[in-house]
Amino acid sequence: MTERFDCHHCNESLFGKKYILREESPYCVVCFETLFANTCEECGKPIGCDCKDLSYKDRHWHEACFHCSQCRNSLVDKPFAAKEDQLLCTDCYSNEYSSKCQECKKTIMPGTRKMEYKGSSWHETCFICHRCQQPIGTKSFIPKDNQNFCVPCYEKQHAMQCVQCKKPWHKECFVCTACRKQLSGQRFTARDDFAYCLNCFCDLYAKKCAGCTNPISGLGGTKYISFEERQWHNDCFNCKKCSLSLVGRGFLTERDDILCPDCGKDI
């Protein structure tokens, strides 16, 4: 007696028929496709045993259904991208979603190197200095008036010039006219277009206090008293005899001295 060879599901004889083994059990074609065939994402029909099953992220397509959602060109054996459950060829994806170059306005294709700055993108070859037209690449640059400049070109065209050496401004040349100490980050003042540190300016130009003989800078809100070609610091404007402050008070003079009314009443 001949041993039976039947479909594992419907028990129909498989002698002389096409069958498929799954986990070592034979199935007729109809049962296998009913039970195990994947459904095509495009046409919604089962992907039969005689068809090639193309899959991507647990989704399946007939070979003839595996095409770009926009241009409908086949994606078989071609690079593609997925966007919101749609498959797109690289051309359609680039036209729809890729960045546009700020300079040439063309699409920056996926996989090509691009330069980005404040939400704008450029092809690497389009990201150039406005002045010298050389690619900036990863070098430092300075934007001005919607244009980009490499540092040397920016300094030549836009940077302030140092009055000492005529090169772009730098702190090394910004020094006191008298003592030559650097003024960058320090308090300073100017006279006749020349910069001075406070000490040198006071020594050279400030009036001297008639009380303590130290300079009165007048800078930074310093208060002082002036009377008949003489000046005093507020703190030095005191009666010569009793040292009472005379700021805002009446006073008398005796030769070079100033006196309060009480000390001066016997003059």
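The structure this text deals with has already been given above.
Thresholds, definitions, all that
Residues numbered from 1 in each chain as written. Predicted model: local features only at pLDDT ≥ 70, side-chain atom pairs only at ≥ 80, totals over all residues. Heavy atoms only, no water. Helix = DSSP H or I, 4+ residues; strand = E, 2+ residues; numbered from the N terminus. Rg over C-alpha atoms; globule rule 2.2 N^0.38 Å. Buried < 20%, exposed > 50% of the residue type's maximum accessible area, 1.4 Å probe, protein only. Contact = heavy atoms within 4.5 Å. Areas by Shrake-Rupley, 256 points an atom, 1.4 Å probe, with all protein chains shown as cover. Lys, Arg positive; Asp, Glu negative; His and termini not counted. Charge placed at Lys NZ, Arg CZ, Asp CG, Glu CD. Pairing = 2+ DSSP bridges. Salt bridge = Lys/Arg side-chain N within 4 Å of Asp/Glu carboxyl O. Core = buried A, V, L, I, M, F, W, Y, C linked by side-chain atoms within 4.5 Å. Phe/Tyr/Trp six-rings, centres within 6.5 Å; stacked < 30°, edge-to-face > 60°.

Novice: Explain the overall build of the protein chain to me, please; I cannot follow it from the model alone.
Specialist: Helix and strand counts for the protein chain stand at five helices and 18 strands. Against the globule reference of 18 Å for 267 residues, the protein chain gives a C-alpha radius of gyration of 46 Å, more extended than a compact globule. The principal-axis extents of the C-alpha atoms in the protein chain amount to approximately 155 × 45 × 30 Å. A total of 267 residues make up the protein chain; the buried ones form 28% of that total. Of all intrachain contacts in the protein chain linking residues separated by at least 6 positions in sequence, the fraction that spans at least 24 positions is 11%. Accessible surface, the protein chain as shown: approximately 18,700 Å² in total, 46% of it carbon and sulfur. Put simply, the protein chain has 37 plus and 34 minus side-chain charges, and the middle of one group is 11 Å from the middle of the other.

Novice: Can you walk me through the pairing of strand E10 (residues 147–150) in this structure?
Specialist: Every regular strand shows the same layout, with side chains that alternate between the two sheet faces. Here four bridges tie strand E9 (residues 141–144) to E10, and the two strands are oriented antiparallel to one another. Note that in E10 the partner of Pro 143 across the bridge is Asn 148.

Novice: Help me understand the pattern of salt bridges in this model?
Specialist: Any two side chains of opposite charge can pair, on the condition that their charged atoms come close. Throughout the structure, instances matching the rule amount to six salt bridges. Among the salt bridges present, the one from Arg 113 reaches Glu 124, with a minimum N-O distance of 3.2 Å. Taken together, the residues span a long stretch of sequence, with Arg 113 in the loop between helix H2 (90–97) and strand E7 (114–117) and Glu 124 in the loop between strand E8 (120–123) and E9 at a distance of eleven residues. Notably, a salt bridge pairs Glu 254 with Arg 255, separated by 3.9 Å at the nearest N-O pair. Note on Glu 254: relative accessible area 25%, which makes it partly exposed. Assessed through its relative accessible area of 72%, Arg 255 is described here as exposed.

Novice: Before we go on, may I ask you to explain the side chain of Asn 148 in this structure?
Specialist: Residue position: Asn 148 is located in strand E10. Residues in contact with Asn 148, not counting those within four places in the same chain, are Trp 122, Phe 127, Ile 128, Cys 129, His 130, Ile 136, Phe 141, Ile 142 and Pro 143.

Novice: What is the right way to read the nonpolar core from this model?
Specialist: Side chains of a nonpolar character, in soluble globular proteins, are inclined to be buried together. Counting 13 residues, the largest nonpolar core has Phe 66, Cys 68 and Leu 75 as its most contacted members. No other element matches the three residues that strand E6 (residues 86–89) contributes to this core. In this view, Cys 68 contacts Asn 73, Leu 75, Leu 87, Leu 88, Cys 89 and Cys 92; residues no more than four positions away in its chain are not counted.

Novice: Got a minute to help me understand the packing of aromatic side chains in this structure?
Specialist: For any two aromatic rings, the description comes down to two numbers: the centre-to-centre distance and the angle of the planes. Under the counting rule described, the total for this entry stands at 18 aromatic pairs. Measuring from ring centre to ring centre gives 5.5 Å for Phe 66 and Phe 80, while their planes differ by 85°; the resulting arrangement is edge-to-face. Remark: Phe 80 occurs in strand E5 (residues 80–83) and Phe 66 occurs in the loop between strand E4 (59–62) and E5; sequence separation between them is 14 residues. Relative accessible area serves as the criterion here: at 6%, Phe 66 is assigned to the buried category. Overall, Phe 80 belongs to the partly exposed group, its relative accessible area being 27%. Residues Phe 201 and Tyr 205 carry aromatic rings whose centres are separated by 5.6 Å and whose planes lie at 45° to one another, so their mutual orientation is tilted. Within this pair, Phe 201 and its partner Tyr 205 are both found in helix H4 (residues 198–205), separated by four residues, close to a single helical turn. Residue Tyr 205 is classed as partly exposed on the basis of its relative accessible area, which comes to 34%.

By themselves, these are just geometric observations and shouldn't be taken as functional.
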